[in-house]
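So the chains spell out like this:
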Amino acid sequence: MRLAAVAMLRNEADIVESFVRHNLRYVDRLYLIDHDSVDATPAIIDALKAEGLPVESGKDRATGFRQADRLTQLARHALAKDGADYTFVLDADEFIRAPDRPTLEARLEATGNALSRVARWQVHVAGDDARGTPLERLRLRVDAPKHPAMAKVVLGREFLADPRLSLAPGNHWILEP
């Protein structure tokens, strides 16, 4: 099974390295769009790519933040052109959590042929200690309520069947015509 993740970033220098390294434990490739960052985000992404990590990135210099449109296109690319079976649509402060890759794959397969899979997440709050990566500093955790706005989609190949489908702003659900 091939897994990918897509994300649109802007000024995420404080967390982008942790985001990339952590999520690459679960996906085969990360596709990133930098939305005209003015901090060190582009340099960090370039350094991670120079290490040979499976990261592809591009720039979006548009004035408007058209995240849903851009990530819809990028997810379609990951599914169609790169052959991903599933694509996670993430923000830079979202980390895939599963016991291991085989468990994650089994859970995805168990969902059947759904257009998308809903991934619930936990809200984390970092502690006062400034040492370690952002992920290592997390101290408090609250399970997100069972509400559609507190979930993210994981797109399966079925998303390609209808070109009119698109991600909604925030990547919490799919818009249908």
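Remember, predicted model here, so these are calculated numbers, not experimental data.

Reading the values: the criteria
- Within any chain, residue numbers begin from 1 and follow the written order of that chain's sequence.
- With the structure being a predicted model, the display of local features is reserved for residues of pLDDT at least 70 and the display and counting of side-chain atom pairs for 80 or more, all residues being used for whole-chain, interface and lining totals.
- Calculation of side-chain values draws on the structure's entire complement of heavy atoms; hydrogens and water are dropped beforehand.
- Numbered from the N terminus, helices here are DSSP runs of H or I no shorter than four residues, and strands are runs of E no shorter than two.
- When a residue's accessible area, from a 1.4 Å probe over protein chains only, is under 20% of the maximum for its type it is buried; when over 50% it is exposed; and in between it is partly exposed.
- The contact criterion used throughout is that any non-hydrogen atoms of two residues lie within 4.5 Å.
- Each accessible area value is a Shrake-Rupley result obtained with a 1.4 Å probe; residue values ignore everything except the protein chains displayed when judging cover.
- Within this document, salt bridges are pairs made up of a side-chain nitrogen of Lys or Arg and a carboxyl oxygen of Asp or Glu, the two lying within 4 Å of each other.
- We call a set of buried residues a nonpolar core when its members are Ala, Val, Leu, Ile, Met, Phe, Trp, Tyr or Cys and they connect through side-chain atoms within 4.5 Å of each other.
- Paired rings are identified among Phe, Tyr and Trp, the last through its six-membered ring, by centres lying within 6.5 Å, and are further divided according to the angle between planes into stacked (under 30 degrees), edge-to-face (over 60) and tilted (the rest).
- Remark: a charge is flagged as sitting over a ring if the NZ atom of Lys or the CZ atom of Arg is within 6 Å of the ring centre and within 35 degrees of the ring normal.
- Two strands make a pair as long as DSSP finds a minimum of two bridges between them.
- The arc in question is formed by the directions pointing from the helix axis toward the C-beta atoms.

Participant: Is there a simple way to explain the overall build of the chain in this structure?
Facilitator: Tallying secondary structure elements over the chain gives four helices and 10 strands in all. Across the 177 residues that make up the chain, the buried fraction comes to 40%. Residue pairs in contact within the chain that sit at least 24 positions apart in sequence constitute 72% of those at least 6 positions apart. Surface exposure of the chain reaches about 9400 Å², of which carbon and sulfur atoms provide 52%.

Participant: Hey, could you run me through the pattern of salt bridges in this one?
Facilitator: Pairs can form between side chains of opposite charge whenever their charged atoms are close. Counted according to the given criterion, the structure contains 10 salt bridges. Here Arg70 makes a salt bridge to Asp60, at a shortest N to O gap of 3.1 Å. Residue Arg70 is located in helix H3 (residues 67–80), and its partner Asp60 is located in the loop between strand S3 (55–59) and H3; the two are separated by 10 residues in the primary sequence. The two residues Arg70 and Asp60 agree in class, both being buried. Across the salt bridge formed by Asp162 and Arg164, the nearest N and O atoms sit 3.0 Å from each other. Overlapping salt bridges, with partners in common, bring together Arg2, Arg29, Glu56 and Asp82 in one network.

Participant: For this particular structure, what's the right way to read helix H1 (residues 16–23)?
Facilitator: At 3.6 residues per turn, the α-helix brings residues three or four places apart onto the same side. In terms of burial, H1 is largely enclosed, as six of its eight residues are buried. All buried positions along H1 are accounted for by Val16, Ser18, Phe19, Val20, His22 and Asn23. Considering only its buried residues, H1 is in contact with strand S1 (3–9), strand S2 (29–34), helix H2 (41–50), S3 and strand S4 (86–90).

Participant: So what exactly am I meant to see when it comes to the nonpolar core here?
Facilitator: Nonpolar side chains in soluble globular proteins generally cluster together in the buried interior. By size, the foremost hydrophobic cluster in this structure holds 26 residues, and its most contacted members are Phe19, Val20, Val27, Leu30, Leu32, Phe88 and Leu104. Residue assignment for this core shows that the elements contributing at least two residues are S1, H1, S2, H2, S4 and helix H4 (101–109). Looking at this core element by element, the count peaks at four residues for S1. In this structure Val27 touches Leu3, Ala4, Ala5, Phe88, Ile96 and Arg101, once residues within four positions along its chain are discounted. Among the nonpolar cores identified, the runner-up in size contains 18 residues, and Met8, Leu71, Leu74 and Ala84 belong to it.

Participant: Please clarify how the packing of aromatic side chains should be interpreted in this entry.
Facilitator: All chains considered together, the criterion is met by one aromatic pair. Where Phe19 meets Phe95, the ring centres are 6.4 Å apart and the plane angle is 70°; that geometry is what we call edge-to-face. On the criterion of sequence distance, the pair formed by Phe19 in helix H1 and Phe95 in the loop between S4 and H4 is long-range, its members being 76 residues apart. Against the face of Phe159 rests Arg76, its NZ or CZ located 4.3 Å from the ring centre.

Participant: Help me understand the pairing of S1, please; the structure alone is not making it clear to me.
Facilitator: Consecutive side chains of a regular strand alternate in pointing toward one face of the sheet and then the other. S1 sits mainly inside the fold: seven of its seven residues count as buried. The two faces of S1 match: Leu3, Ala5, Ala7 and Leu9 on one face and Ala4, Val6 and Met8 on the other face are all buried. Inspection of the sheet shows S1 paired to S2 by six bridges, in the parallel sense. Residue pairing across strands places Val6 opposite Tyr31, the latter belonging to S2.

Participant: Honestly, H2 in this entry has me stumped. Any pointers?
Facilitator: Among the residues of H2, those classed as buried are Thr41, Pro42, Ile45 and Leu48. All buried residues of H2 lie within an arc of 125° about the axis, which places them on one face of the element. Against the buried residues of H2 lie S1, H1, S2 and S3. In the segment just after H2, Gly52 is the residue with positive phi, at about 95°.

All quantities given are derived from atomic positions and should not be read as evidence of function.
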